[in-house]
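Here is how the chains run, residue by residue.
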Amino acid sequence: VFAALLLYRIGLSVAAVVFLVASILQFLAAKRVQTATSPTISPRQMATLLEKARSALSEGDHDSAIKLARVVVDFTSNAAMRRAAAEVYAWAALGKNQPSEARQALVWMSDSAVDPLLQSALLEADGDVERAVTCLRQARVMGDERPQVAASLVRLLLLVDRFGEAALTTIQILDDVTVEEAR
């Protein structure tokens, strides 16, 4: 456009028109390429990708879980789905012993609270077992009755040689779950 304006100013109006048309056509071509290369993934396809990422994680295929979750994080506009994908990504990264990658997922979840299990796993990966214990203890005080939270707390307490507290927490777990869940 600048060249066309310059040509017009020096009296070469035909050349100016040619440059102007060429620049407009180049702009339109670039827009078409950009539109063609931008993936359009429907919400249903996003949900399927997220489910595949969860399945890959549960099967121990951390690489696939990371790749699938990253696609969802990058291309969904649904905040809940983005958060769920970020959690899958974080757990898969922890499974690969890559806590810095897992922490990246926390950035993607900055607008919502982090699951205490995930937060304690990151703290444990950093070697901060005391804060991991505190995190899980606080989750239980706040009413998180998931057996995974209690079991992780017991495991961490045993890790730091707090056998009495681990035993008391185990008794509380057994009081709160069915016989089948206890097995």
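In this report, we go over the structure that sits alongside the text. (Residues numbered from 1 in each chain as written. Predicted model: local features only at pLDDT ≥ 70, side-chain atom pairs only at ≥ 80, totals over all residues. Heavy atoms only, no water.)

1. Focus: the side chain of Thr 76
Looking at the element boundaries, Thr 76 is found in the loop between helix H4 (62-75) and helix H5 (79-95). Engagement of the side chain of Thr 76 in a polar contact is seen with the backbone nitrogen of Asn 78, the distance being 3.2 Å. (Helix = DSSP H or I, 4+ residues; strand = E, 2+ residues; numbered from the N terminus. Polar contact = N/O pair within 3.5 Å; in protein donor to acceptor, adjacent residues only side chain to side chain.)

2. Topic: the side chain of Asp 144
By secondary structure assignment, the location of Asp 144 is in the loop between helix H8 (129-141) and helix H9 (147-159). Among the polar contacts listed, one links the side chain of Asp 144 to the side chain of Arg 146, at a separation of 2.8 Å. Setting aside chain neighbours within four positions, we find Asp 144 in contact with Pro 116, Ala 139 and Val 149. (Contact = heavy atoms within 4.5 Å.)

3. Considering a nonpolar patch on the surface
Residues Val 17, Leu 20, Val 21, Ile 24, Leu 25, Phe 27 and Leu 28 make up a contiguous nonpolar surface patch of about 640 Å² in total accessible area. Assignment of secondary structure puts Ile 24 in helix H2 (residues 13-37). (Patch = residues over 30% accessible without salt bridge, like charges linked within 9 Å, V, L, I, M, F, W, Y side chains within 5 Å. Areas by Shrake-Rupley, 256 points an atom, 1.4 Å probe, with all protein chains shown as cover. Salt bridge = Lys/Arg side-chain N within 4 Å of Asp/Glu carboxyl O.)

4. Description of helix H7 (residues 116-125)
Here H7 lies mainly inside the structure; seven of its 10 residues are buried. Residues Pro 116, Leu 117, Leu 118, Ser 120, Ala 121, Leu 122 and Leu 123 constitute the buried set of H7. Positive backbone phi, approximately 85°, marks Gly 127, located one or two places after H7. (Buried < 20%, exposed > 50% of the residue type's maximum accessible area, 1.4 Å probe, protein only.)

5. Quick word on helix H10 (residues 163-176)
An ideal rise of 1.5 Å per residue puts 20 Å on 14 residues; H10 measures up with 20 Å between its terminal C-alpha atoms. All of the buried residues along H10 are Ala 166, Thr 169 and Ile 173. Buried residues along H10 cover an arc of 65° about the axis, so they all sit on one side. H10 presents Leu 168 and Asp 175 as exposed residues on the side facing more than 90 degrees away from its buried surface. In this structure, the buried side of H10 is in contact with H8 and H9. (Expected span 1.5 Å × (residues − 1). Arc of directions from axis to C-beta.)

6. Things to note about the pattern of salt bridges
Opposite charge on two side chains makes pairing possible when the charged atoms of those side chains draw close. Summed over all chains, the structure comprises 12 salt bridges. Ionic pairing is found between Glu 124 and Arg 155, a salt bridge with its closest N-O pair at 2.8 Å. Here the residue Glu 124 occupies a position in helix H7, and Arg 155 occupies one in helix H9, the gap between them amounting to 31 residues. Since its relative accessible area comes to 24%, Glu 124 is described here as partly exposed.

7. Here we look at the nonpolar core
If you look at the biggest cluster of nonpolar residues, it comprises 27 residues, and the most contacted ones within it are Leu 50 and Val 72. Of all elements in the fold, only helix H3 (43-58), H4, H5, helix H6 (99-108) and H7 reach the threshold of two or more residues within this core. No other element matches H5, which puts 10 residues into this core. If near-sequence neighbours (up to four positions away) are discounted, Val 72 is found in contact with Met 46, Leu 49, Leu 50, Met 81 and Ala 85. (Core = buried A, V, L, I, M, F, W, Y, C linked by side-chain atoms within 4.5 Å.)

8. Some details on the environment of Asp 176
Note on placement: Asp 176 falls in helix H10. Taking the C-alpha atoms as reference points, Asp 176 and Glu 145, separated by 31 residues in sequence, lie 8.2 Å from one another.

9. Concerning the packing of H5 against H6
Viewed as axis vectors pointing N to C, H5 and H6 meet at an angle of 170°, and their least axial separation amounts to 7 Å. The orientation of H5 with respect to H6, classified from their angle, is roughly antiparallel. The segment H5 lies against H6, with Arg 82, Ala 86, Tyr 89, Ala 90, Ala 93 and Leu 94 engaging Pro 99, Glu 101, Ala 102, Ala 105 and Trp 108. (Axes fitted to C-alpha atoms, helices over the stretch in contact; angles between N-to-C directions. Parallel < 35°, antiparallel > 145°, perpendicular 65-115°, else oblique.)

10. Structural notes on unusual backbone geometry
One non-glycine residue, Asn 97, adopts positive backbone phi at about 60°. Looking at the element boundaries, Asn 97 is found in the loop between H5 and H6. A relative accessible area of 65% means that Asn 97 is categorised as exposed. The backbone phi angle of Asp 161 is positive, close to 60°, even though this residue is not glycine. Exposure remark for Asp 161: the relative accessible area of 56% places this residue in the exposed category.

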